[in-house]
Amino acid sequence: NIFLWEIVLLELALSQYEHLGYPPGYPDPEQEQYTAPQLAADTPRIQLRLAGDKRKHNEGRVEVFYNGEWGTVCDDDFTIHAAQVVCRELGYLEAVSWSPSSKYGKGEGPIWFDNLHCTGKEKTLALCPSNGIGVSDCKHSEDVGVVCSDKRIPGFKFINTLPNHIENLDIQVEDVRIRAILSSYRKRIPVTEGYVEVKDGGKWKQICNAEWTQLNSRVICGMFGFPGERKYNARVYKMFARRRKPSYWDYSVNCTGNEAHLSSCKLGQATTLKPNETCAGGLPVVVSCVPGKAFAPTPMTGFRKAFRHEQPLVRLRGGAIVGEGRVEVLKNGEWGTICDDNWSLLSATVVCRELGFGTAKEALSGGRLGQGMGPVHMNEVECSGFEKSITECFFNKEALGCSHEEDAAVRCNVPAMGFQESLRLSGGRNPYEGRVEVLMERNGSLVWGTVCSEGWGTMEAMVVCRQLGLGFASNAFQETWYWPGEVSADNVVMSGVRCSGTEMSLSHCLHHGTHLSCPKGGGRNAAGVSCSETAPDLVLNPQVVEQTTYMEDRPMFMLQCAYEENCLSSNSGEVPANSYRRLLRFSSQIHNNGQSDFRPKASRHSWVWHDCHRHYHSMEVFTLYDMFSLNGTKVAEGHKASFCLEDSECDEGIEKRYECANFGEQGITVGCWDTYRHDIDCQWVDITDLKPGDYIFQIIINPNYEVPESDYSNNIMKCRCRYDGHRVWMYSCHNGGSLSTETEQTFPGLLNNQVTHR
């Protein structure tokens with residue numbers, strides 16, 4: 001049947017993009033509406049929860065409440081079908097995965113289920129065939145855990161089958177929100193004050209404030225990306241509640257204050273309504289949250305234009321979007337990482353709040369957001385959740401056995417700024433690429449249009465991908481004729497865009513405003529991007545430079561090749577062939593510490609053959625080598641090195657993928673490094689005309705941002721250099737951003753690589 005084959009082929013074609021999910025703006029597939037399970041009278045009544053050492057709220061050890069006691073489930077015969085039943089019973093759309101052998105820690109109490117054989121369609125775990133409830137030969141080292149999807153079942157309604165044990169149950173609702181009530185807050189973004197409402201059974205309901213505490217407010221504010229809560233004017237809300245009758249949820253809420261999400265809080269007592277349907281406390285719950293500095297509206301300028309960390313002791317590095325990254329702490333003037341042993345949602349939340357975000361959405365381990373450099377400062381971190389800084393938490397100072405492969409990272413809840421509403425990608429083959437279209441005000445109305453591609457590059461593309469929550473830029477395009485966007489949006493509405501790369505929205509970048517100037521026009525010449533969840537991160541090893549530096553006097557007639565490649569000072573052409581050049585030689589070892597391979601932007605057909613080196617060069621400007629005086633003046637000309645990129649060595653267990661020989665593929669694999677030895681041509685700075693004295697030596701990798709990376713601040717390396725006319729000393733070599741600001745300021749020149757080489 002041809003028709004059936006067409007359907008199968010279409011499904012296969014679509015399935016290749018399934019793992020990408022549906023970014024904002026793409027309609028989700030239709031979901032079925034929830035119907036409450038009708039259970040037979042003899043079905044055991046149970047309640048479930050996810051507990052243990054969680055790294056995000058929608059995962060954990062499966063725990064079952066039965067017969068007045070919490071217990072666990074054994075991993076024998078457990079399958080993804082059983083995980084599906086667990087997740088759906090808890091109100092999640094589906095199961096993502098499951099883990100045996102007490103991954104989330106050993107539970108306590110009885111092991112209620114063993115040898116479960118679920119089909120995945122059961123309405124409750126109690127209906128799956130098993131050895132019988134409470135019949136098990138397992139130990140708690142076999143406790144099973146699950147990871148559920150983020151999405152909740154539409155229309156999900158919590159039904160308490162155990163009314164006498166309410167204080168033991170976790171909160172399960174379809175959704176939660178802060179709804180702005182007062183007109184002064186309705187227009188504000190982000191929404192910081194209003195009613196707390198839960199969606200249960202498809203209807204939004206308020207919560208009675210009879211048993212509400214400040215600790216509950218702290219958790220709600222944290223979920224919505226705010227580090228703290230504050231008092232509000234209760235009188236105004238009393239007047240509002242009198243005018244419009246609230247509709248109350250059946251239960252109160254009981255949080256301890258250190259939960260990362262409402263679903264980890266306990267269910268409070270059932271709400272008692274008075275005859276006139278007001279609750280005992282009389283009012284719906286209101287919260288007022290304090291936004292972090294990056295998200296706080298200021299009277300004059302709206303939002304701060306670029307996001308910079310104000311906190312001097314902790315920072316995030318290598319994350320694609322605001323509020324995520326590898327956690328780095330400052331100790332003894334040097335930045336270092338945290339080892340992931342015992343890394344939890346609780347500790348991650350302390351980091352997030354400290355940096356002006358809300359609670360942690362996820363605590364990541366195993367160097368998931370790239371590996372750091374320098375020392376590992378903290379290990380086995382344990383926080384109560386109320387510390388002002390991660391540096392106040394208990395930790396083991398001995399990080400023995402910890403490598404950067406175990407660097408801890410976080411994803412924080414950040415306020416909904418609505419930035420993705422004013423930007424879209426159009427015409428791409430998948431949701432992660434396309435022509436950039438922005439919503440701008442023109443002649444008093446909002447219109448969609450294109451962005452002028454003149455000067456459009458990696459930094460601008462990075463901001464677009466961040467704004468849409470699509471990760472890092474993988475390419476910036478100055479022509480998009482192959483992506484037919486919306487015809488009605490062909491006109492250019494934004495030109496002269498220049499971003500530093502840290503902005504949260506394209507509108508925060510410098511641009512021409514209403515004075516558009518775009519000779520090329522929009523349409524087929526409009527700016528475009530492709531985004532990727534991962535990116536490489538190149539870092540130079542400063543110790544290798546320090547250990548391999550030496551001087552060589554080389555006769556000019558042996559430098560013909562290097563001269564042709566512009567590797568010598570500009571005045572070297574005026575000297576006789578029998579004269580000498582003094583070369584400062586060194587090795588450079590460039591590691592890829594990111595999450596994806598570093599590949600040159602140029603395709604193979606445009607690589608350049610170099611007779612001197614006997615191989616093709618794939619990047620015309622890959623590094624800059626410069627010598628500066630202590631007042632920041634360049635004194636020895638930067639050598640613009642073009643390079644062949646390959647894997648010289650790799651970490652244990654990683655295979656080399658790239659090599660220069662025989663016109664091979666070029667790049668640097670994650671976990672590998674490319675070594676340029678001191679004895680190859682052009683691996684030097686020509687210091688023939690340098691006077692004796694103290695200098696700063698500087699190397700910048702990927703200086704033109706030709707290839708997108710997750711972190712450009714560590715692409716720079718600086719050393720102190722002393723030259724007495726006969727000998728040279730290289731010392732205090734370090735990467736950009738590895739030292740405290742005070743120490744870094746004693747080094748002149750560029751502080752990091754966040755400047756535009758255009």
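Residues numbered from 1 in each chain as written. Predicted model: local features only at pLDDT ≥ 70, side-chain atom pairs only at ≥ 80, totals over all residues. Heavy atoms only, no water.

Chemist: Go over the environment of Met504, please, and point to the residues and values.
Modeler: Looking at the element boundaries, Met504 is found in the loop between strand S25 (492–494) and strand S26 (528–532). Exposure remark for Met504: the relative accessible area of 7% places this residue in the buried category. (Helix = DSSP H or I, 4+ residues; strand = E, 2+ residues; numbered from the N terminus. Buried < 20%, exposed > 50% of the residue type's maximum accessible area, 1.4 Å probe, protein only.)

Chemist: Account for the nonpolar core, with residues named and values stated.
Modeler: The biggest cluster of nonpolar side chains holds 32 residues, and the ones touching the most others in it are Phe622, Met627, Ile687 and Phe697. If you list the elements that add at least two residues to this core, you get strand S27 (538–540), strand S33 (619–629), strand S34 (634–643), strand S38 (693–701), strand S39 (716–723) and strand S40 (728–735). What Ile687 contacts, discounting residues up to four positions off in sequence, is Met551, Arg582, Leu584, Met627, Ala636 and Tyr723. (Core = buried A, V, L, I, M, F, W, Y, C linked by side-chain atoms within 4.5 Å. Contact = heavy atoms within 4.5 Å.)

Chemist: Would you mind going over unusual backbone geometry in detail, with residue names and values included?
Modeler: In this structure, the amide linkage connecting Ile189 to the following residue, Pro190, adopts the cis form with an omega of 0 degrees. Positive phi values are uncommon outside glycine, yet Asn443 reaches one of about 55 degrees. You can call Asn443 exposed: its relative accessible area is 83%.

Chemist: How would you summarise the state of the cysteines if you had to cite specific residues and measurements?
Modeler: Following the criterion strictly, the structure yields 13 disulfides and no others. The disulfide partner of Cys255 is Cys265, and the gap between their sulfur atoms is 2.2 Å. In this structure, the disulfide formed by Cys255 and Cys265 twists by about 105 degrees around the S-S bond and is classed as right-handed. Within this pair, whereas Cys255 is found in the loop between strand S11 (251–254) and strand S12 (266–270), its partner Cys265 is found in the loop between S11 and S12, the two being separated by 10 residues in sequence. (Disulfide = S-S within 2.5 Å.)

Chemist: Hey, could you go over the sheet that holds strand S29 (residues 580–585) for me, with residue numbers and the actual values?
Modeler: The 3 strands are arranged S28-S29-S37 in an open sheet whose pairing can be described as antiparallel. Since the sheet does not close on itself, it has two edges, and those belong to strand S28 (550–555) and strand S37 (684–686), each with one partner. In this sheet, neighbouring strand axes are inclined to one another by 35 degrees on average, regardless of whether the strands run parallel or antiparallel. Bridging between S29 and S37 involves 3 bridges; their strand directions are antiparallel. Bridge pairing in S37 places Arg585 opposite Trp684. (Pairing = 2+ DSSP bridges. Axes fitted to C-alpha atoms, helices over the stretch in contact; angles between N-to-C directions.)

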